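# Structure assessment
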Amino acid sequence: MFYDLASSSWGPEEIAAMRRVIESGRFTMGEHVERFEDAFRAKFGVKHAFMVSSGSAANLVGVAALCYVKDRPLKRGDEVIVPAVAWATTYYPLQQYGLRLRFVDVELDTLNMDVARLEQALTPRTRMVVAVSILGNPCALDRMRAFCDRHGLTLFEDNCESMGASLNGKLAGTFGDIGTFSTFFSHHISTMEGGIVVTDNTEIFQIARSMRAHGWTRGLPPDTTICDQRNDEFYEAYRFILPGYNVRPLELSGAIGIEQLKKLDTIIEARRRNAALFQELFARDERFIIQREHGRSSWFCFTIILNPDRDIDRGRVMAALKTAHIDFRMITGGNFLRHDVIRYFDYDRVGEMRNADIVHDRGFFVGNHPHDLTPQIERLREVLDAAAR
Ligand SMILES: Cc1ncc(COP(=O)(O)O)c(C=O)c1O
């Protein structure tokens, strides 16, 4: 492949970190995961952060926790406002906890939820908004936060695609009452598989962390408010208080995460340099709609939508990319409402999904990497220029 979707962000430091774990003989969640969590908490300036086995698991325990908080827990039939373009596992926990989804269209340029439609999406049953910053580009997190505060709603931030992005100087992932991140391969930092939950709310943190591991009490501080106190060590070792999961990460992932987090800023700088070239080559060409940066993007990848007002044959473009060995994918799954799995959801649409459909039918992305991509992006330009004539 001449231009891959993703490449490794690891160096000798990550290999050495793995070796240290192997030599220690302890592989299940322990000291390295804890150190990674501490470093993540410091880097993102949040009160609590904990690691899980994937971004999907982070969304799962995050939503689950909100169903068990003492004050106004989420209940079956409560409504949640979601963007029409997001990842499948942004939505699944909502379905699994019996919530009703209200889908809102996205903006064609930023690819994020069109917040002008939030008021229209609101009903007396609305309890939460899910904010998803698509592919590194911060959504209108400030406006969503203000909307949620005005109406007494929870803001859930699925930031799995946008680690290191920021809006008005505040990091994406830290606007929500709860925020989630993914460290799967191809993301900004990679721990093979992995996810992180962040929150400033101690009750949410303790519930979600308990649900990470069997819903037990282990690890809860003595002054916890999520269960009563007992002092019997024997019963405390296996004491179950919540219907949780086991979505713990491995020590290898924690150890790699410590090294990767040190590199996050330089990784994003490299991605932003590639983005500057991509914008220079594509921004003024009306045949292609590229993602408009809102705030400071961490540029997960580069999206291109073939302008629906121009007669450009998508099949021809895809074939040309294939011939040139340039890999590409649909933009975050396109319009989620068009996937078969939607039949299992309780949902409705807030108006039309015109832009999500255009994203679905005429959009695709190519990779961004943590190193210089000048030859790849220049070749992409030549190939698309010829194929879209
Ligand atoms: C918006 C969003 N949420 C959640 C996830 C799930 O993350 P993971 O692949 O680590 O399970 C992804 C995956 O990339 C994603 O794009």
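For clarity, every value in this text was computed on a predicted model and none was experimentally measured. (Residues numbered from 1 in each chain as written. Predicted model: local features only at pLDDT ≥ 70, side-chain atom pairs only at ≥ 80, totals over all residues. Heavy atoms only, no water.)

### Points about the nonpolar core
Formed by 61 residues in total, the largest nonpolar core has its most connected members in L94 and F103. With eight residues, the single largest contributor to this core is helix α3 (residues 55–66). The residues touching L94, leaving out its near neighbours within four places in the chain, are V63, V80, V82, L99, L101, M128 and V130. Residues L306, I312, M318 and V366 belong to the second largest nonpolar core, which totals 27 residues. (Core = buried A, V, L, I, M, F, W, Y, C linked by side-chain atoms within 4.5 Å. Buried < 20%, exposed > 50% of the residue type's maximum accessible area, 1.4 Å probe, protein only. Helix = DSSP H or I, 4+ residues; strand = E, 2+ residues; numbered from the N terminus. Contact = heavy atoms within 4.5 Å.)

### Looking at the sheet that holds strand β5 (residues 154–158)
Strand order across the open sheet formed by eight strands is β1-β9-β8-β5-β4-β2-β3-β12, with mixed pairing between neighbours. Single-partner strands in this sheet number two, and they are β1 (48–52) and β12 (347–350). Direction aside, neighbouring strands of the sheet carry axes that sit 20 degrees apart on average. Across the sheet, helix α2 (residues 31–44) is in contact with β1, β8 (178–182) and β9 (195–199); its angle to β1 comes to roughly 135 degrees. (Pairing = 2+ DSSP bridges. Axes fitted to C-alpha atoms, helices over the stretch in contact; angles between N-to-C directions.)

### Concerning unusual backbone geometry
One non-glycine residue, N168, lies in positive phi territory at about 50 degrees. Located in the positive-phi region is H214, a residue other than glycine, with phi close to 65 degrees. Within the element layout of this structure, H214 appears in the loop between α7 (202–212) and α8 (233–237).

### Things to note about the packing of aromatic side chains
Going through the model one piece at a time under the given rule, you end up with 18 aromatic pairs. For the ring pair F40 and F44, a centre distance of 4.4 Å and an interplane angle of 15 degrees mean the geometry is stacked. Remark: F44 and F40 occur in helix α2; sequence separation between them is four residues, near one turn of the helix. One exposure class covers both F40 and F44, and it is buried. Measuring from centroid to centroid gives 5.3 Å for F234 and Y235, while their planes differ by 75 degrees, and the two rings are edge-to-face. Just as F234 is exposed, Y235 falls in that class too. These aromatic residues form a ring-pair network of at least three members: Y91, Y92, F103, F336, F345 and Y347. Here the basic side chain of K170 rests over the ring of F175, its NZ or CZ set 5.4 Å away from the ring centre. One Lys or Arg, R381, reaches over the ring of F282 and ends 5.3 Å from the middle of that ring. (Phe/Tyr/Trp six-rings, centres within 6.5 Å; stacked < 30°, edge-to-face > 60°. Lys NZ or Arg CZ within 6 Å of the ring centre and 35° of its normal.)

### Here we look at the pairing of strand β4 (residues 126–132)
The buried fraction of β4 amounts to seven of the seven residues, a majority that puts the element mostly inside the structure. Here three bridges tie strand β2 (residues 79–83) to β4, and the two strands are oriented parallel to one another. Residue V80 lies in a different strand from β4, and its bridge partner there is M128. Bridge count between β4 and β5: five bridges; the pairing is parallel. Considered in β5, the bridge of V130 is made with F156.

### Comments concerning the packing of α3 against α7
Remark: α3 packs on α7, axes separated minimally by 8 Å, with the N-to-C direction vectors making an angle of 125 degrees. Accordingly, the angle class assigned to the pair α3 and α7 is oblique. Classified by chirality, the crossing of α7 by α3 is right-handed. In contact with V61, A64, A65 and L66 of α3, α7 contributes I204, I207, A208, M211 and R212. Taken together, the residues that form the contact of α3 with α7 break down as eight nonpolar, no polar and one charged. (Parallel < 35°, antiparallel > 145°, perpendicular 65-115°, else oblique. Left-handed = near helix turned anticlockwise from the far one by under 90°. Nonpolar A, V, L, I, M, F, W, Y, C, P; charged D, E, K, R; others polar.)

### Here's the deal with the pattern of salt bridges
Taken as a whole, this structure holds 36 salt bridges when the rule is applied. Salt-bridge contacts for D78 lead to R127; the nearest nitrogen and oxygen are separated by 3.4 Å. Here R127 lies in strand β4 and D78 lies in the loop between α3 and β2, a separation of 49 residues in the sequence. Judged by its relative accessible area of 14%, D78 is buried. You can call R127 buried: its relative accessible area is 12%. Residue K262 pairs with E259 through a salt bridge whose shortest N-O separation is 3.2 Å. Note that K262 and E259 are positioned in helix α9 (residues 251–282) at a spacing of three residues, about one turn of the helix. One salt-bridge network, in which partners are shared between bridges, spans E79, R100, R102, R125, D346 and D348. (Salt bridge = Lys/Arg side-chain N within 4 Å of Asp/Glu carboxyl O.)

### Comments concerning the sheet that holds strand β13 (residues 363–367)
Ordered by their spatial adjacency, three strands build an open sheet running β10-β11-β13, and the pairing between neighbours is antiparallel. Both edges of this open sheet fall to β10 (288–290) and β13, since each of them pairs with a single strand only. Across the sheet, the mean angle separating the axes of adjacent strands is 30 degrees when strand polarity is ignored. Here three bridges tie β10 to strand β11 (residues 301–306), and the two strands are oriented antiparallel to one another. From the neighbouring strand, F288 faces β11, where its bridge partner is L306. In the packing of helix α12 (residues 374–387) onto the sheet, the strands contacted are β10, β11 and β13, and the crossing angle to β11 comes to about 10 degrees.

By themselves these figures say nothing about function.
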